[in-house]
Amino acid sequence: MKASAPLVEAAALSPFFDLVRAGEGPSAAGLYADGLGPLISGMRQRLGTGEDRVAASTLHLSLVAKLWSPVLFCALHGVVPDLAGLRFRTDDSGFWLPGADGWANSDPADLVYAQVVAGQLAPLGAAIGREVKIADGLLWGNAGSALIGALRVITGARRDLAAPARSLAERLLSTGLLAGSVEFTGPGLTVRRNSCCLYYRLPNGGLCGDCSLTA
């Protein structure tokens with residue numbers, strides 16, 4: 001089936017949710033194979049840090065959020081988009097889908113895991129690790145934190161999706177590579193991650209709300 005309608009609706013929330021706008025750039029697979037080094041260098045310069053792993057973590061967190069956000073929105077509207085043809089927009093470090101095929105599914109957690117985690121986040125994390133020495137646990141912590149962040153944006157716009165969003169998050173965060181990345185510490189989408197994204201090491205940086213370093 002087509003995922004066109006929910007993808008268009010998702011894109012209206014923020015640029016992080018936009019898989020609709022076309023752009024110039026490689027396939028996502030091509031990016032992961034040979035394209036992250038310049039992006040990490042560019043991020044390091046923009047952040048004003050001399051630490052490659054801090055720049056790599058920040059870039060990774062941004063890309064992961066842009067992968068999660070539109071898919072989670074669509075999943076909560078009963079369809080999971082097919083990311084097989086996913087491409088990368090080099091103008092703003094985002095992604096786009098040339099097509100809008102997908103699957104209708106009332107219980108989308110397993111399909112979302114396959115499309116996002118296995119299909120995109122695993123090769124992205126491996127690519128980051130080839131460029132910079134960085135802990136796998138940090139990268140999966142980024143993935144879990146970005147998942148929650150995307151769902152917070154969605155439920156902020158659609159409060160009626162709060163319960164299904166929590167249910168979907170619980171399923172995903174207890175599955176495979178995401179298991180143990182973050183823990184629920186309260187109602188709704190209140191979590192604490194089990195690793196630190198290193199944001200505190202940036203000039204004028206600090207601790208995130210879900211950081212493992214907070215008391």
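Everything below is about the structure printed above this text.
Thresholds applied
Residues numbered from 1 in each chain as written. Predicted model: local features only at pLDDT ≥ 70, side-chain atom pairs only at ≥ 80, totals over all residues. Heavy atoms only, no water. Helix = DSSP H or I, 4+ residues; strand = E, 2+ residues; numbered from the N terminus. Rg over C-alpha atoms; globule rule 2.2 N^0.38 Å. Buried < 20%, exposed > 50% of the residue type's maximum accessible area, 1.4 Å probe, protein only. Contact = heavy atoms within 4.5 Å. Areas by Shrake-Rupley, 256 points an atom, 1.4 Å probe, with all protein chains shown as cover. Lys, Arg positive; Asp, Glu negative; His and termini not counted. Charge placed at Lys NZ, Arg CZ, Asp CG, Glu CD. Salt bridge = Lys/Arg side-chain N within 4 Å of Asp/Glu carboxyl O. Arc of directions from axis to C-beta. Axes fitted to C-alpha atoms, helices over the stretch in contact; angles between N-to-C directions. Parallel < 35°, antiparallel > 145°, perpendicular 65-115°, else oblique. Left-handed = near helix turned anticlockwise from the far one by under 90°. Nonpolar A, V, L, I, M, F, W, Y, C, P; charged D, E, K, R; others polar. Phe/Tyr/Trp six-rings, centres within 6.5 Å; stacked < 30°, edge-to-face > 60°. Lys NZ or Arg CZ within 6 Å of the ring centre and 35° of its normal. 1 Å grid on protein atoms, 1.4 Å probe; cavity = no way out; pocket = protein on both sides within 12 Å on 5 of 7 lines; lining within 4 Å. Points joined across faces, edges and corners; volume = space filled by probe spheres on them.

Concerning the overall build of the chain
Scanning the chain for helices and strands turns up seven helices and six strands. The secondary structure elements of the chain, listed N-terminal to C-terminal, are α-α-α-α-β-β-β-β-α-α-α-β-β. Its C-alpha radius of gyration of 16 Å places the chain within 12% of the 17 Å reference for a compact globule of 215 residues. Within the span of the chain, comprising 215 residues, buried residues form 47% of the whole. The long-range share in the chain, meaning contacts at least 24 apart out of those at least 6 apart in sequence, stands at 66%. Surface accessibility of the chain: about 9,400 Å² in total, with carbon and sulfur atoms responsible for 54%. Across the chain, the centroid of the 18 positively charged side chains sits 5 Å from that of the 18 negatively charged ones.

Some remarks on the pattern of salt bridges
Side-chain pairs of opposite charge can arise where the charged atoms are in close proximity. Under the counting rule described, the total for this entry stands at 11 salt bridges. Across the pair R44 and D52 runs a salt bridge, and its minimum N-O distance is 2.5 Å. You can call R44 partly exposed: its relative accessible area is 22%. The class for D52 is partly exposed, based on a relative accessible area of 33%. Here D92 and R89 are joined by a salt bridge, their closest N and O atoms 3.4 Å apart. Since its relative accessible area comes to 29%, D92 is described here as partly exposed. On the basis of relative accessible area, R89 is assigned to the buried category, the value being 2%. Through salt bridges that share partners, D18, R21, R89, D91 and D92 make up one connected network.

Brief notes about helix α1 (residues 4-11)
When we look at burial in α1, the residues that qualify are P6, L7 and A10. On an axial view of α1, the arc spanned by its buried residues comes to 100°, and they lie on one face. When the buried face of α1 is taken as reference, the exposed residues oriented beyond 90 degrees from it are A5 and V8. Buried residues along α1 sit against α4 (52-75) and β1 (79-81).

Topic: the packing of helix α5 (residues 109-131) against helix α7 (residues 162-172)
A packed helix pair is summarised by two numbers, namely the angle formed by the two axes and the spacing between the axes. Two numbers describe how α5 lies on α7: the axes approach to 10 Å, and their chain directions differ by 60°. With respect to α7, the axis of α5 lies oblique. The handedness of the crossing between α5 and α7 is right-handed. Of α7, the residues touching α5 (which contributes A109, D110, V112 and Y113) are L168, R171 and L172. Classifying every residue of the contact of α5 with α7 gives five nonpolar, no polar and two charged.

Things to note about the packing of aromatic side chains
Taken as a whole and assessed by the stated rule, the structure comprises one aromatic pair. When the centroid spacing of 5.5 Å and the interplanar angle of 65° are considered together, the rings of F88 and F95 count as edge-to-face. By relative accessible area, which is 2% here, F88 ends up buried. Exposure remark for F95: the relative accessible area of 2% places this residue in the buried category. Note that R166 overlies the ring of F184, its terminal NZ or CZ placed 4.0 Å from the centroid.

Considering the layout of surface pockets
Within this model, the largest pocket holds a volume of roughly 240 Å³. What lines the largest pocket is a set of 13 residues, and nearest its centre among them are F16, L61, S62, A65 and A146. Among the elements of the structure, α4 and α6 (136-157) are those that each provide at least two residues to the lining of the largest pocket. Here the lining of the largest pocket is built from residues that sort into seven nonpolar, six polar and no charged. In this structure, the second largest pocket occupies an estimated 160 Å³ of space. As for the second largest pocket, its lining consists of A75, L76, G78, N105, S106, D107, P108, A109, P164, S167, L168 and R171.

Describing unusual backbone geometry
Phi at S93 takes a positive value of approximately 55°, unusual for a residue other than glycine. You can see S93 is positioned in the loop between β2 (87-89) and β3 (94-96).

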